[in-house]
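The lines below spell out each chain.
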Amino acid sequence: MNPEQITIIIILISTVLMFLWGRWRHDMVAAGSLLACILTGLVPTDVAFDGFSHPAVVTVACVLVLSKGLQSSGAVDVLTRKLLPSNAGPTLSIAALTFLGAVLSAFMNNVGALALLMPVAVQMARRKQIPTGKVLMPLSFGTILGGMTTLIGTPPNLIVSGFREASGEGMFGMFDFTPVGLVVAAVGVSFVALIGWRIVPGRKQGGADSFDSGAYITEALVPAGCKAEGMTLREIEQALVEADAQVLGLVRNAVRVSPPSPRRRAKAGDILMLEAEAETLSSALSSLGLKLEEAKATRDEKEKEKEKAREDNKNDSGEAVAAAQTTETASASKADKSDKADESSSDANDEVLLMELVVLPSSGLLGRTATGIQLRTSYGINLLAISRQGKRSVKRLRAQAFRAGDLLMMQGGPEAIAEFASSTGCVPLAERELRIPDKRMALLATVIMAASVMAAALGLLPAAVSFAAGVLLSMVVRTVPPRSVYSAIDWPVIVLLGALIPVAQAMESSGTAELIANLLLNGLAQGHATIALVLILVVTMNLSDLMNNAATAAVMSPIAIGTANQLGVSMDPFLMAVAIGGSCAFLTPIGHQNNTLILGPGGFRFSDYWRLGLPLDILVILVTVPMLLWVWPL
């Protein structure tokens, strides 16, 4: 070994050990590895940061943004509601959810796919009366397996494709991963969904949230032409069973009917008083096409409120003209301020969020109502729902007097909600995601993603260009608001990829990858290509259980190429083995973000993953090797 090879091996071993230690984030370790290579002269300074312009890095960032569009538009919620069975048994329900997760993760970020389906999994577990973990682990593994099937399904696929291009063979196509990946994913998902979930430890749920907000009471408008119009209240109740929601009352022509007759039919313009958990409120509304009443405040309503305020001020001004002028000026100023707030809110729709606030005992809201404090006019925010320690009220939301301990679900801009909380004595508890599917936006987001995929698959544009065009179009039509684009990108992953690509190239240029390949071939494979292929696959799978899958792919790709060159065979099956092995992080909660996400909600321990992960790993090896030899001959 020459000094360069010794140096890069020391840096590589140190990098892997730092990844395994977990003391610092993966992107920090990768950046340190790159700087070490620069300072030792292994990576020239003029190309040190070329990794950040690599097509694989650009494509990963763009896919994350497009996935955000599918998520925020409610496109996935619509798909989930239509495809998942409602009255099936546990096995069929888990199988349907896991297969859906695998399909989604083939075309969007698999972490995003899991995050979207986790609330559905929790509801399913509660409804079927089975431990939450027995649904979450198959779902997590299913979304990981689904990423194997396309170029954009997971970062390792893009990374190995980039190394293939750098070697002069060109990038893999969009669906080059499909023949092998689809078979492996189908077998793996079938195993975990039909058999594997039974061997997952059933533990008490740890919960992603540290508090229980209880059920909320909210008002839902029945729009003209929605599914709920013409249904009896009994039928609506039955339709809401899946979302664990129920109808408490009905408001028609500003008159509350309580308790309403189950045979009474809902009409357009009716307002339903619903009780639902915060997590299920979205599905309760979207399943029947209902709209949040308090979120439907129009400019006409606000104008009426401001006109009424002006009239009240004029009526009270008979005592003194000067006082009247002062009051009217203040009212006008307040109205103008409200107009500006409305315009600001309209111009920054992408900043709207949902926040849970708790009313403190010392709050200035105690005994007052949303109408009394002119919530919309004064603060530009909406009260969507109230949770009151299991107690119900027959009053409209806007007429309910606030009490200490009330949980309020507020909708508005972050600054407006923060101002309201600080000025009224409320404490923020949690930001909520409430996605009421917008058919137009959902369709646009789906079409943009499909067009980007097809443009890359048909070779009309390079993948990075195709998905970058999709991101730009998403910003124009606002399926992903411009201000949300950068927050949709997982920047630590981007930094990790951009930093490790030059390090991996230094391994190749210094001959280190070839040296390691020779050790594998002479010491273990004894010159047999098939054994070498199995070794590459198994080593990659084990590394991905302990370190980030993107980092694993970046480290193993040069070794795979060097091994193929030494054997004088095609590099494609070896690179495919790296891609599949990098997606098989099933033995620990730290190898893949999806496994980490379910750790708390599933109540899992570190040692729980191998019970399902080990047989799944063995099954993947048994299926992958013959498929690779058949589809990608040596």
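I will try to describe carefully the structure that is included in this document. Only a predicted model underlies this, so the values are computations on that prediction, with no experimental measurement involved.

Evaluation of the coordinates by the stated rule reveals two salt bridges. The closest approach of N and O atoms between Asp572 and Arg164, which form a salt bridge, is 2.7 Å. Of this pair, Asp572 sits in helix α22 (residues 572–582) while Arg164 sits in helix α8 (residues 155–166), placing them 408 residues apart in sequence. As far as burial versus exposure is concerned, Asp572 and Arg164 are alike and both buried. Residue Arg252 pairs with Asp270 through a salt bridge whose shortest N-O separation is 2.6 Å. You can see Arg252 sitting in strand β2 (residues 246–252) and its partner Asp270 sitting in the loop between β3 (255–257) and β4 (271–277), a full 18 residues away along the chain. Each member of the pair Arg252 and Asp270 is classed as buried.

On to the packing of aromatic side chains. All told, the structure shown has five aromatic pairs when counted by the stated rule. Taking 5.1 Å as the distance between ring centres and 80° as the angle between the ring planes, the aromatic pair formed by Tyr379 and Phe420 counts as edge-to-face. Here Tyr379, found in helix α14 (residues 375–379), pairs with Phe420, found in helix α15 (residues 414–424); they are 41 residues apart in sequence, far enough to count as distant. Owing to a relative accessible area of 1%, Phe420 belongs among the buried residues under this scheme. Among the aromatic side chains, those forming a connected cluster through ring pairs are Phe172, Phe177 and Trp632. Between the NZ or CZ atom of Arg164 and the centre of the ring of Phe172, over which it lies, the distance is 4.6 Å.

This next bit is on the packing of helix α18 (residues 491–509) against helix α21 (residues 549–567). Closest axis-to-axis distance for the α18/α21 pair is 9 Å, and the angle between their directions is 20°. Classified by the angle their axes make, α18 and α21 are roughly parallel. For the crossing formed where α18 meets α21, the hand is right-handed. Contacts from Leu496, Leu497, Leu500, Ala504, Met507 and Glu508 of α18 reach α21 at Ala550, Ala551, Ala554, Val555, Pro558, Ile559 and Ile561. In terms of residue class, the contact of α18 with α21 is made up of 12 nonpolar, no polar and one charged.

As a further point, take a nonpolar patch on the surface. On the surface, Met454, Leu458, Leu460, Leu461 and Val465 cluster together into a nonpolar patch covering about 480 Å² of accessible area. Within the secondary structure, Val465 sits in helix α17 (residues 463–477). Assessed through its relative accessible area of 42%, Val465 is described here as partly exposed.

Rules of the game
- Residues numbered from 1 in each chain as written.
- Predicted model: local features only at pLDDT ≥ 70, side-chain atom pairs only at ≥ 80, totals over all residues.
- Heavy atoms only, no water.
- Salt bridge = Lys/Arg side-chain N within 4 Å of Asp/Glu carboxyl O.
- Helix = DSSP H or I, 4+ residues; strand = E, 2+ residues; numbered from the N terminus.
- Buried < 20%, exposed > 50% of the residue type's maximum accessible area, 1.4 Å probe, protein only.
- Phe/Tyr/Trp six-rings, centres within 6.5 Å; stacked < 30°, edge-to-face > 60°.
- Lys NZ or Arg CZ within 6 Å of the ring centre and 35° of its normal.
- Axes fitted to C-alpha atoms, helices over the stretch in contact; angles between N-to-C directions.
- Parallel < 35°, antiparallel > 145°, perpendicular 65-115°, else oblique.
- Left-handed = near helix turned anticlockwise from the far one by under 90°.
- Contact = heavy atoms within 4.5 Å.
- Nonpolar A, V, L, I, M, F, W, Y, C, P; charged D, E, K, R; others polar.
- Patch = residues over 30% accessible without salt bridge, like charges linked within 9 Å, V, L, I, M, F, W, Y side chains within 5 Å.
- Areas by Shrake-Rupley, 256 points an atom, 1.4 Å probe, with all protein chains shown as cover.

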